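Each chain is listed here by its residues.
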Amino acid sequence: MKQKYRVFLANKNKKLKKIYLQFKTDSIPVIKMKQSHSNNIQKIIHPPTKQLTSITNTDAVYTSLPNIALTVKFADCMPLIIHHPKKIACVIHAGRVGTQKKIVKKTLQKLISELNTTENYEIYIGAHLCKQCHEINSEKKIHYNLYNENLLQIKSVLNLTKNSLKTNNECTKCGTNFYSYRGDKKTKKRNFLFCMIS
(Lines give C-alpha, C1' and ligand atoms only; values in the text may rest on other atoms or scores of the structure.)
Protein backbone atom coordinates (compact mmCIF):
# COMPACT_ATOMS: atom_id res chain seq x y z
CA MET A 1 0.00 0.00 0.00
CA LYS A 2 1.30 3.44 -0.93
CA GLN A 3 2.23 5.53 2.06
CA LYS A 4 -0.40 8.21 2.58
CA TYR A 5 1.64 10.45 4.86
CA ARG A 6 5.20 11.70 5.17
CA VAL A 7 7.41 12.22 8.20
CA PHE A 8 10.45 14.48 8.53
CA LEU A 9 12.95 14.66 11.40
CA ALA A 10 15.36 17.42 12.41
CA ASN A 11 17.99 16.62 15.07
CA LYS A 12 21.75 16.93 15.56
CA ASN A 13 22.37 15.14 12.26
CA LYS A 14 19.52 16.47 10.14
CA LYS A 15 19.31 20.24 10.06
CA LEU A 16 16.03 22.08 10.55
CA LYS A 17 16.93 24.86 8.14
CA LYS A 18 17.21 22.41 5.26
CA ILE A 19 13.74 20.98 5.97
CA TYR A 20 12.15 24.44 6.22
CA LEU A 21 13.81 25.46 2.95
CA GLN A 22 12.39 22.38 1.22
CA PHE A 23 8.89 23.15 2.54
CA LYS A 24 9.20 26.72 1.28
CA THR A 25 10.40 25.55 -2.14
CA ASP A 26 7.48 23.12 -2.37
CA SER A 27 4.97 25.72 -1.04
CA ILE A 28 4.15 23.54 1.96
CA PRO A 29 2.83 25.61 4.90
CA VAL A 30 4.05 24.68 8.38
CA ILE A 31 1.94 24.62 11.53
CA LYS A 32 3.90 24.79 14.78
CA MET A 33 2.67 24.80 18.36
CA LYS A 34 3.71 27.14 21.14
CA GLN A 35 3.86 24.21 23.50
CA SER A 36 2.89 24.83 27.12
CA HIS A 37 2.76 21.36 28.73
CA SER A 38 -1.02 21.51 28.46
CA ASN A 39 -3.62 19.02 27.28
CA ASN A 40 -5.01 21.46 24.74
CA ILE A 41 -5.80 20.15 21.25
CA GLN A 42 -6.40 22.13 18.08
CA LYS A 43 -7.76 21.05 14.70
CA ILE A 44 -6.61 22.76 11.51
CA ILE A 45 -9.77 23.17 9.44
CA HIS A 46 -8.71 25.77 6.87
CA PRO A 47 -5.50 25.91 4.82
CA PRO A 48 -3.02 28.38 6.35
CA THR A 49 -2.48 31.66 4.53
CA LYS A 50 1.14 32.00 5.70
CA GLN A 51 4.23 29.84 5.28
CA LEU A 52 4.61 29.49 9.07
CA THR A 53 1.70 29.58 11.50
CA SER A 54 2.05 29.32 15.30
CA ILE A 55 -0.76 28.10 17.55
CA THR A 56 -0.52 29.31 21.14
CA ASN A 57 -0.98 27.22 24.28
CA THR A 58 -1.34 23.93 22.42
CA ASP A 59 0.33 20.53 22.72
CA ALA A 60 -1.56 18.51 20.11
CA VAL A 61 -2.65 19.52 16.63
CA TYR A 62 -4.34 17.54 13.88
CA THR A 63 -5.81 17.97 10.42
CA SER A 64 -7.43 16.16 7.54
CA LEU A 65 -6.02 18.64 5.01
CA PRO A 66 -3.23 17.42 2.71
CA ASN A 67 0.16 19.07 2.18
CA ILE A 68 0.30 20.88 5.51
CA ALA A 69 3.29 20.10 7.71
CA LEU A 70 2.38 19.72 11.38
CA THR A 71 5.36 19.94 13.70
CA VAL A 72 6.25 19.13 17.29
CA LYS A 73 9.50 20.20 18.94
CA PHE A 74 11.18 18.27 21.74
CA ALA A 75 14.41 18.00 23.70
CA ASP A 76 13.55 15.28 26.28
CA CYS A 77 9.75 15.24 26.17
CA MET A 78 7.97 12.65 24.07
CA PRO A 79 6.86 13.51 20.52
CA LEU A 80 4.12 11.41 18.97
CA ILE A 81 2.67 11.16 15.49
CA ILE A 82 -0.74 9.65 14.83
CA HIS A 83 -2.05 8.86 11.38
CA HIS A 84 -5.25 7.22 10.21
CA PRO A 85 -6.13 6.11 6.65
CA LYS A 86 -9.29 8.21 6.84
CA LYS A 87 -6.91 11.12 6.27
CA ILE A 88 -6.03 12.33 9.73
CA ALA A 89 -2.53 13.41 10.74
CA CYS A 90 -1.72 14.48 14.28
CA VAL A 91 1.33 15.47 16.33
CA ILE A 92 1.51 15.50 20.13
CA HIS A 93 4.00 16.92 22.65
CA ALA A 94 3.91 14.86 25.85
CA GLY A 95 6.26 15.82 28.66
CA ARG A 96 5.74 14.67 32.23
CA VAL A 97 3.22 17.43 32.99
CA GLY A 98 1.29 16.90 29.77
CA THR A 99 1.36 13.15 30.33
CA GLN A 100 -0.07 13.60 33.82
CA LYS A 101 -2.81 15.72 32.22
CA LYS A 102 -3.43 12.76 29.85
CA ILE A 103 -2.73 14.64 26.65
CA VAL A 104 -2.26 11.42 24.64
CA LYS A 105 -5.45 9.75 25.88
CA LYS A 106 -7.46 12.92 25.40
CA THR A 107 -6.19 13.36 21.84
CA LEU A 108 -6.91 9.76 20.90
CA GLN A 109 -10.41 10.03 22.33
CA LYS A 110 -11.00 13.13 20.20
CA LEU A 111 -9.79 11.36 17.05
CA ILE A 112 -11.84 8.25 17.84
CA SER A 113 -14.94 10.37 18.32
CA GLU A 114 -14.36 12.23 15.08
CA LEU A 115 -13.51 9.17 12.96
CA ASN A 116 -15.93 6.82 14.73
CA THR A 117 -13.42 3.97 14.86
CA THR A 118 -10.85 2.45 17.22
CA GLU A 119 -8.96 0.56 14.52
CA ASN A 120 -6.18 1.17 11.98
CA TYR A 121 -4.39 4.01 13.77
CA GLU A 122 -0.67 4.26 13.12
CA ILE A 123 1.16 5.68 16.13
CA TYR A 124 4.81 6.65 16.20
CA ILE A 125 6.60 7.50 19.45
CA GLY A 126 9.76 9.49 18.86
CA ALA A 127 12.97 9.63 20.88
CA HIS A 128 12.50 10.84 24.44
CA LEU A 129 14.06 10.73 27.90
CA CYS A 130 14.43 7.17 29.22
CA LYS A 131 13.39 6.21 32.74
CA GLN A 132 16.96 6.00 34.01
CA CYS A 133 17.69 9.57 32.89
CA HIS A 134 14.32 10.95 33.99
CA GLU A 135 14.99 11.55 37.68
CA ILE A 136 12.31 13.70 39.33
CA ASN A 137 13.47 13.39 42.97
CA SER A 138 17.21 13.09 43.58
CA GLU A 139 16.88 12.55 47.34
CA LYS A 140 14.45 9.66 47.04
CA LYS A 141 15.89 8.46 43.71
CA ILE A 142 12.50 8.59 42.01
CA HIS A 143 12.42 8.26 38.24
CA TYR A 144 9.56 8.84 35.81
CA ASN A 145 8.80 6.39 33.02
CA LEU A 146 7.48 8.59 30.24
CA TYR A 147 7.13 5.69 27.81
CA ASN A 148 5.15 3.40 30.11
CA GLU A 149 2.82 6.17 31.26
CA ASN A 150 1.90 7.10 27.70
CA LEU A 151 1.69 3.49 26.59
CA LEU A 152 -0.91 2.95 29.31
CA GLN A 153 -2.91 5.87 27.94
CA ILE A 154 -2.78 4.43 24.43
CA LYS A 155 -3.82 0.97 25.61
CA SER A 156 -6.68 2.43 27.64
CA VAL A 157 -8.45 3.46 24.42
CA LEU A 158 -6.96 1.30 21.66
CA ASN A 159 -6.41 -2.43 21.18
CA LEU A 160 -2.87 -2.60 19.80
CA THR A 161 -3.61 -5.83 17.93
CA LYS A 162 -5.88 -3.75 15.68
CA ASN A 163 -3.58 -0.75 15.44
CA SER A 164 0.10 -0.09 14.74
CA LEU A 165 2.65 1.24 17.25
CA LYS A 166 6.27 2.00 16.42
CA THR A 167 8.80 3.48 18.81
CA ASN A 168 12.22 5.10 18.60
CA ASN A 169 13.78 3.79 21.80
CA GLU A 170 16.81 6.09 21.74
CA CYS A 171 17.06 8.28 24.83
CA THR A 172 17.54 11.96 24.02
CA LYS A 173 20.01 12.31 26.92
CA CYS A 174 22.14 9.17 26.85
CA GLY A 175 21.89 8.75 23.08
CA THR A 176 23.99 10.74 20.62
CA ASN A 177 21.61 11.87 17.87
CA PHE A 178 19.26 14.24 19.67
CA TYR A 179 19.43 17.54 21.53
CA SER A 180 18.67 17.08 25.22
CA TYR A 181 17.66 19.76 27.71
CA ARG A 182 19.04 17.69 30.57
CA GLY A 183 22.04 16.29 28.75
CA ASP A 184 23.17 19.41 26.91
CA LYS A 185 23.29 21.92 29.78
CA LYS A 186 19.72 23.21 29.35
CA THR A 187 20.24 23.85 25.65
CA LYS A 188 17.71 25.96 23.78
CA LYS A 189 18.21 23.79 20.70
CA ARG A 190 15.36 21.42 19.86
CA ASN A 191 14.61 18.40 17.74
CA PHE A 192 11.59 18.54 15.41
CA LEU A 193 9.21 15.96 13.98
CA PHE A 194 6.96 16.88 11.06
CA CYS A 195 4.00 14.94 9.72
CA MET A 196 2.05 15.64 6.55
CA ILE A 197 -0.76 13.94 4.67
CA SER A 198 0.30 13.37 1.07
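A short tour of the structure in this document, coming up. (Residues numbered from 1 in each chain as written. Predicted model: local features only at pLDDT ≥ 70, side-chain atom pairs only at ≥ 80, totals over all residues. Heavy atoms only, no water.)

### Structural notes on the overall build of the chain
Note the threshold: Segments assigned H or I by DSSP are reported as helices when at least four residues long, segments assigned E as strands when at least two residues long, and all are numbered from the N terminus. Here the globule rule reads 2.2 Å times residues to the power 0.38, and the radius of gyration is calculated from C-alpha atoms. Partly exposed describes any residue whose relative accessible area lies between the buried limit of under 20% and the exposed limit of over 50%, with all areas from a 1.4 Å probe on protein chains only and scaled to the type maximum. Using the Shrake-Rupley algorithm and a 1.4 Å probe, accessible areas are obtained, with residue cover drawn only from the displayed protein chains.
Scanning the chain from terminus to terminus reveals four helices and 13 strands. Taken over C-alpha atoms, the radius of gyration comes to 16 Å for the chain, in line with the 16 Å a tight globule of 198 residues would show. For the chain, the spread of C-alpha atoms along the principal axes amounts to about 50 × 40 × 30 Å. The 198 residues of the chain split such that 47% are buried. Accessible area of the chain: about 10600 Å², with a carbon and sulfur share of 48%.

### Let's talk about the side chain of Asn150
Operational definition: In this analysis, two residues are considered to be in contact whenever any of their non-hydrogen atoms come within 4.5 Å of each other.
With respect to the helices, strands and loops of the structure, Asn150 is situated in helix H4 (residues 146-157). What Asn150 contacts, discounting residues up to four positions off in sequence, is Met78, Ala94, Thr99 and Val104.

### Structural notes on the sheet that holds strand S8 (residues 88-94)
The criterion, for reference: Any two strands with at least two DSSP bridges between them are considered paired. Whenever a helix is involved, its axis is fitted only over the stretch in contact; in every case the axis is a line through C-alpha atoms, and angles between N-to-C directions fall within 0 to 180 degrees.
Strand order across the open sheet formed by six strands is S3-S5-S8-S7-S9-S12, with mixed pairing between neighbours. Two strands lie at the open edges of the sheet, namely strand S3 (41-44) and strand S12 (164-167), each paired on one side alone. If you compare each strand with its neighbour and ignore which way they point, the axes differ by 15° on average. Of the pairings in the sheet, the one linking S3 to strand S5 (residues 60-63) comprises four bridges and is parallel in character. Counterpart to Ile44 in the pairing with S5 is Thr63.

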